[in-house]
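Take a look at the letters that make up each chain.
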Amino acid sequence: MSKPPRTPAPYWNPYVGGVALGLVLFLSIFISGNGLGASGGIGRFNAALADLIDPSFVDKNPCLSHFAGGPANPLANRMIWMLAGVAVGGFFSGWLSGRLKLETIRGPR
């Protein structure tokens, strides 16, 4: 006999969540000297993927060569770890709050 699905935990108050995020941002800048952001990690991951496929293209491209030109390893950066932490943290947050499920959301028609 299967267990009935549990009721998801309520969402945080947006003001409390905003203050908590502000404190995390402050601590990030205070401890590491850098703020939060995912675009740098995504850019570095894309540069590493392009470098695997065609390293000569990456060396000629000014945007990608900034991340992965020459012997530089684009994955050796704190932004990659932060991006991975966001994905893992989001998974565990959804799991702990009872909101993690596989579903396909369809439109009204």
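Residues numbered from 1 in each chain as written. Predicted model: local features only at pLDDT ≥ 70, side-chain atom pairs only at ≥ 80, totals over all residues. Heavy atoms only, no water.

> Looking at this structure, I do not really get the overall build of the protein chain. What am I missing?
Helices and strands together make up the secondary structure of the protein chain, namely 5 helices and 0 strands. Put simply, the protein chain runs from its N terminus to its C terminus through helices and strands in the order α-α-α-α-α. A compact globule built from 109 residues should have a C-alpha radius of gyration of about 13 Å, whereas the protein chain, at 20 Å, is more than 25% larger. Seen along its three principal axes, the alpha-carbon backbone of the protein chain occupies a region of about 55 × 40 × 30 Å. Burial status across the protein chain gives 17% buried among its 109 residues. Of all intrachain contacts in the protein chain linking residues separated by at least 6 positions in sequence, the fraction that spans at least 24 positions is 51%. As displayed, the protein chain has an accessible area near 9,000 Å², and 69% of this comes from carbon and sulfur atoms. (Helix = DSSP H or I, 4+ residues; strand = E, 2+ residues; numbered from the N terminus. Rg over C-alpha atoms; globule rule 2.2 N^0.38 Å. Buried < 20%, exposed > 50% of the residue type's maximum accessible area, 1.4 Å probe, protein only. Contact = heavy atoms within 4.5 Å. Areas by Shrake-Rupley, 256 points an atom, 1.4 Å probe, with all protein chains shown as cover.)

> What exactly am I supposed to notice about helix H1 (residues 14–32) here?
Taking 1.5 Å per residue as the helical rise, H1 with its 19 residues ought to reach 27 Å, and the 26 Å between its terminal C-alpha atoms agrees with that figure. Capping the start of H1, Asn13 holds a side-chain oxygen 2.8 Å from the backbone nitrogen of Tyr15, two or three residues further along. (Expected span 1.5 Å × (residues − 1). Polar contact = N/O pair within 3.5 Å; in protein donor to acceptor, adjacent residues only side chain to side chain.)

> Would you mind going over the packing of aromatic side chains with me for this structure?
The relation between two aromatic rings is expressed through the spacing of the ring centres and the mutual angle of the planes. Evaluation of the coordinates by the stated rule reveals 3 aromatic pairs. Ring pairs connect the aromatic residues Phe91, Phe92 and Trp95, which therefore count as one cluster. The aromatic ring of Tyr11 is capped on one face by Arg99, whose charged end is 3.8 Å from the ring centroid. (Phe/Tyr/Trp six-rings, centres within 6.5 Å; stacked < 30°, edge-to-face > 60°. Lys NZ or Arg CZ within 6 Å of the ring centre and 35° of its normal.)

> Explain the confidence of the model for the protein chain here, please?
It should be kept in mind that the predicted coordinates are not to be read in detail where pLDDT is low. Per-residue confidence for the protein chain averages 85 on the pLDDT scale, and 95% of its residues sit at or above 70. Across the protein chain, element-level confidence peaks in H1 with a mean pLDDT of 92 and bottoms out in helix H4 (residues 62–68) with 82. (pLDDT = per-residue confidence, 0-100.)

> In this structure, what is going on with the side chain of Arg44? I would like to understand it.
Position of Arg44 among the secondary structure elements: in helix H2 (residues 39–53). Nearest to the buried, unbridged Arg44 among oppositely charged side chains is Asp51, at 11 Å. (Lys, Arg positive; Asp, Glu negative; His and termini not counted. Salt bridge = Lys/Arg side-chain N within 4 Å of Asp/Glu carboxyl O.)

> Sorry if this is basic, but what is going on with the pattern of salt bridges here?
Working definition: two side chains of opposite charge can pair if their charged atoms are close together. Overall, the coordinates contain 1 salt bridge when judged by the stated rule. Here Glu103 and Lys101 are joined by a salt bridge, their closest N and O atoms 4.0 Å apart.

> What am I meant to see in helix H5 (residues 78–97) here?
The periodicity of an α-helix, 3.6 residues per turn, causes residues three or four positions apart to be oriented the same way. Taking 1.5 Å as the rise per residue, H5 with 20 residues should run 28 Å; its terminal C-alpha atoms sit 28 Å apart, in good agreement. Buried-residue contacts for H5 involve H2. The backbone nitrogen of Met79 has a side-chain oxygen 2.8 Å away, supplied by the residue at the start of H5, namely Asn77. Gly98 lies just past H5 and shows a positive phi near 80°.

> Looking at this structure, I do not really get the nonpolar core. What am I missing?
Nonpolar side chains in soluble globular proteins tend to end up buried together. Of all hydrophobic cores here, the largest spans 6 residues; its members are Ala47, Ala50, Val58, Leu64, Phe67 and Ala68. The set of elements that each furnish at least two residues to this core consists of H2 and H4. Of the residues forming this core, the biggest block, 3 residues, is contributed by H4. (Core = buried A, V, L, I, M, F, W, Y, C linked by side-chain atoms within 4.5 Å.)

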